[in-house]
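# Observations on the model geometry
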Amino acid sequence: MDDRIDDILNEAGHDYHEPPATPRDLMWQRIQAARAAERVTMAPAAPAPDIAPARSRRLMPLAWVTGVAALLALGIGIGRSMEHTPHAAPPAVATAPAPVTAPAPLDTAPVSVAPNATPDAPASRELATVPRIHRGHDVPAIVVNSGTRAGASEAAISQVLGQHLGQSEAFLTLFRSSVENGQTERLAASTARQLLSTNRLLLDSKAGGDARSRQILEDLELVLAQIAQLRAGGDSIHVHLITEGMDQGNVLPRLRTAVPAGI
Amino acid sequence: MDDRGLISRVLAGDASAERELYDAHVDRVFRLVYRMAGDMDHAQDYVQETFIRAFAKLRDFRGDSALSTWLGSIAISVTLNGLRKVKRFREREVALDDAPEIGRSSRDADPDLKTRLHGAIDALPEGYRTVFVLHDMEGYTHEEIGATLGVHPGTSKAQLFRARARLRAALADFVLEQD
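Cut-offs used in this document
- Every chain's residues receive numbers from 1 upward, in the order its sequence appears when written.
- Whichever chain is written first becomes A and whichever ligand is written first becomes 1, with later ones labelled in order.
- For a predicted model such as this one, the threshold for reporting local features is a pLDDT of at least 70, and the threshold for listing and counting side-chain atom pairs is 80 or more; totals across whole chains, interfaces and linings nevertheless cover every residue.
- The side-chain quantities take in all heavy atoms of the structure and omit both hydrogens and water.
- Comment: elements are numbered from the N terminus, with helices defined as DSSP H or I runs of at least four residues and strands as E runs of at least two.
- Residue burial is assigned from relative accessible area. The probe radius is 1.4 Å, only protein chains are included, and a residue is buried under 20% of its type maximum, exposed over 50%, and partly exposed in between.
- The contact definition used throughout considers only heavy atoms, calling two residues in contact when any of these lie within 4.5 Å.
- Note on areas: these come from Shrake-Rupley sampling with a 1.4 Å probe, and a residue is covered only by the protein chains present in the view.
- Working definition: a ring pair exists when centres of Phe, Tyr or Trp rings (six-membered ring for Trp) sit within 6.5 Å. Plane angles under 30 degrees give stacked, over 60 give edge-to-face, the rest tilted.
- A simple way to read buried area is as the amount of 1.4 Å-probe accessible surface that goes missing from two parts once joined, with both sides added.
- Throughout this description, the term salt bridge denotes a Lys or Arg side-chain nitrogen within 4 Å of a carboxyl oxygen of Asp or Glu.
- For the purposes of these results, a polar contact is taken to be a pair of N or O atoms within 3.5 Å, where, inside protein, one atom must be able to donate a hydrogen and its partner to accept one; residues adjacent in sequence count only when each atom of the pair is a side-chain atom.
- Confidence of the prediction at every residue is given by pLDDT, a number between 0 and 100.
- Throughout this description, the term nonpolar core refers to a set of buried Ala, Val, Leu, Ile, Met, Phe, Trp, Tyr and Cys residues connected via side-chain atoms within 4.5 Å.

## Some details on the overall build of chain B
- Helix and strand content of chain B: 8 helices and 0 strands.
- For chain B, the sequential pattern of α-helices and β-strands runs α-α-α-α-α-α-α-α.
- Sorting the 179 residues of chain B into buried and exposed places 50% on the buried side.
- The contacts in chain B between residues at least 6 apart in sequence include a share of 62% that link residues at least 24 apart.
- Element-wise, carbon and sulfur atoms account for 51% of the exposed surface of chain B, whose accessible area totals about 8200 Å².

Okay, structure coming up:
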């Protein structure tokens, strides 16, 4: 049956949003008009933030180290709380990032099981049997055998969700402030990848079945994926697209509202 | 055509070079954006914004990737940002009308296979959908996708694998019904 479905994907999929002819001239006129309007209305450009004052250049790496250390502590705390939660099916949590002087390799693919769980631990075996769900379908994300385990697992997911949102809020606040200071440390991409792994696992878990949670997780996924793809040094056009996307989506205010009090 | 030479001419203020650069890349950018947006008005807006930003920041282009790759990565970011705004606006409209939750597929709604498949593609997470569109529809290689999205080609392969797995699962019951 897989072959039939692959044939269907190949044949019918090519019609998906089949592009019409490119309206080149019309778009070019609009582009030129917009650029002309910008030239007329734009105030003298502020100096590009290529060279931050020497003092803030020295401080920014320290701010990143401090910020990442805080996220490390929170991540380790999440892991330990999961170990001590009885009968809980532990949703996967991204490990603490590699030491700050050695960011994770760029080609790290998202993990699909709890990276901080040993292969033989009951937690990882159970997680390995979690069926993947499609968002929007009423399929429970975690298979449980008793009501007690279901309740404990929901509480665990809720806790991990809250802590993930808190971590993400802290990270994006740090990222935003570093952009405003003209710095985008390469740690940003590696930290974003770790958070992105957890985010995707949460989307696939029961947390992703709740409409409100899914919405914030989906918006967060987009921002984290964009930051995760930043190259060292940060192409300014991509950095500005990321911060614009955050503003347009009200991502930070929504995260602050979504994070439970006390996190 | 030599990208570097063309860029130098553009930066020197050569208006004809600007049009040359645009003509050389607009088709590929438009096809990519339209595949993602699925709507002519939005696609035009996103393509226009892509080139406006690209011309404004052309001086920042370091040349460590092809110009087409750089433009593609800008286009994808612009499009995904734009689609997120559109999606949230439409969801607010639906909420006001008390309509069913957006994104919940209804297996009984439309038996047409193509419609089912297209709906399943729409429902893919944006990362998976982007890779699926780039690879399976626009013919990008995993190396090109990796360069455009700033990921390892292996990551692109993994995301494509997961995208296809989700689409197979979405179509499986439909195929069974036909048997």
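## Examining the overall build of chain A
- Within chain A, the regular secondary structure consists of 9 helices and 0 strands.
- The N-to-C order of helical and strand elements in chain A reads α-α-α-α-α-α-α-α-α.
- Element-wise, carbon and sulfur atoms account for 57% of the exposed surface of chain A, whose accessible area totals about 13000 Å².

## What about the packing of aromatic side chains?
All names here are of chain B.
- Scanning the model with the defined rule gives 7 aromatic pairs over all chains in all.
- On the numbers, 5.8 Å between centres and 45° between planes, the contact of Phe30 with Tyr34 is tilted. Taken together, the positions of Phe30 and Tyr34, both in helix H2 (residues 15-37) and 4 residues apart, correspond to about one turn of that helix.
- Residue classification places Phe30 among the buried residues on the basis of a relative accessible area of 0%.
- Assessed through its relative accessible area of 13%, Tyr34 is described here as buried.
- Here Phe51 and Phe55 contribute two aromatic rings whose centre-to-centre distance is 6.5 Å and whose plane-to-plane angle is 40°, an arrangement assigned as tilted.

## Comments concerning the interface of chain A and chain B
- Opposite the 68 residues of chain A that make contact, chain B presents 72 residues.
- Overall, the association of chain A and chain B removes approximately 6500 Å² of surface from exposure, summing both partners, and the carbon and sulfur fraction of that is 53%.
- It is Tyr16(A), Arg24(A) and Trp28(A) in chain A that bury the most area against chain B; as a group they hold 11% of the surface buried on that side.
- Our enumeration of links across chain A and chain B arrives at 7 salt bridges.
- Along the contact surface separating chain A from chain B lie 21 residue pairs in polar contact (both at pLDDT 80 or more).

## Description of the side chain of Thr243(A)
Residues and elements named next belong to chain A.
- Examined against the element boundaries, Thr243 turns out to sit in helix H8 (residues 236-248).
- A polar contact of 3.1 Å, which involves the side chain of Thr243, links it to the backbone oxygen of His240.
- Not counting the four nearest positions on each side in its chain, Thr243 is found in contact with Phe175, Arg176 and Val179.

## Considerations on the environment of Arg19(B)
- Here Arg19(B) shows up in helix H2.
- The class of Arg19(B) is partly exposed, set by a relative accessible area of 23%.
- With near-sequence residues (within four places) excluded, Arg19(B) lies in contact with Arg24(A), Asp25(A) and Trp28(A).
- Of note is the side chain of Arg19(B), whose polar atom sits 2.8 Å from the side chain of Asp25(A).

## Section: the environment of Lys157(B)
Residues and elements named next belong to chain B.
- Tracing the backbone through its elements, the reader meets Lys157 in helix H8 (residues 153-178).
- With relative accessibility at 47%, the residue Lys157 sits in the partly exposed group.
- Expressed as a C-alpha distance, the spacing of Lys157 and Glu143, which sit 14 residues apart in the sequence, is 9.7 Å.

## With respect to the confidence of the model for chain A
Residue and element names in this part refer to chain A.
- Taken as a whole, chain A shows an average pLDDT of 67; of its residues, 54% reach a score of 70 or greater.
- Summarising per-element confidence for chain A, the mean pLDDT is lowest in helix H4 (residues 122-128) (36) and highest in helix H2 (residues 24-41) (90).
- Contacts for the low-pLDDT stretch residues 85-146, under 50 throughout, to residues beyond four places or in other chains number 104 contacts.

## Observations concerning the nonpolar core
- Among the nonpolar cores identified, the biggest contains 34 residues, and Leu21(B), Val47(B), Phe51(B), Leu67(B) and Trp70(B) are the most heavily contacted of them.
- Broken down by secondary-structure element, the contributors of at least two residues to this core are H2 and H8 of chain A together with helix H1 (3-11), H2, helix H3 (40-56) and helix H4 (67-97) of chain B.
- Top element by residues in this core is H2(B). It accounts for 9 residues.
- Sequence-distant contacts of Leu21(B), that is, excluding residues within four places in its chain, are made with Leu6(B), Ile7(B), Val10(B), Phe51(B), Phe55(B), Leu58(B) and Leu67(B).
- One finds Leu165(A), Phe171(A), Met246(A) and Val251(A) within the second-largest nonpolar core, a separate group that totals 31 residues.

## Observations regarding unusual backbone geometry
All names here are of chain A.
- Phi at His17 takes a positive value of approximately 45°, unusual for a residue other than glycine.
- As for its placement among the helices and strands, His17 is situated in the loop between helix H1 (2-13) and H2.
- Located in the positive-phi region is Asn250, a residue other than glycine, with phi close to 50°.
- Topologically, Asn250 is positioned in the loop between H8 and helix H9 (251-258).
- Asn250 gets classed as partly exposed once you look at its relative accessible area, which sits at 39%.

## Observations regarding the confidence of the model for chain B
All names here are of chain B.
- Looking at chain B, the pLDDT average stands at 84 and 83% of residues meet or exceed 70.
- In this model residues 95-110 is a low-confidence stretch, pLDDT under 50, and it forms 17 contacts with partners more than four residues away in sequence or in other chains.
- With pTM at 0.65, the complex prediction returns an ipTM value of 0.84.

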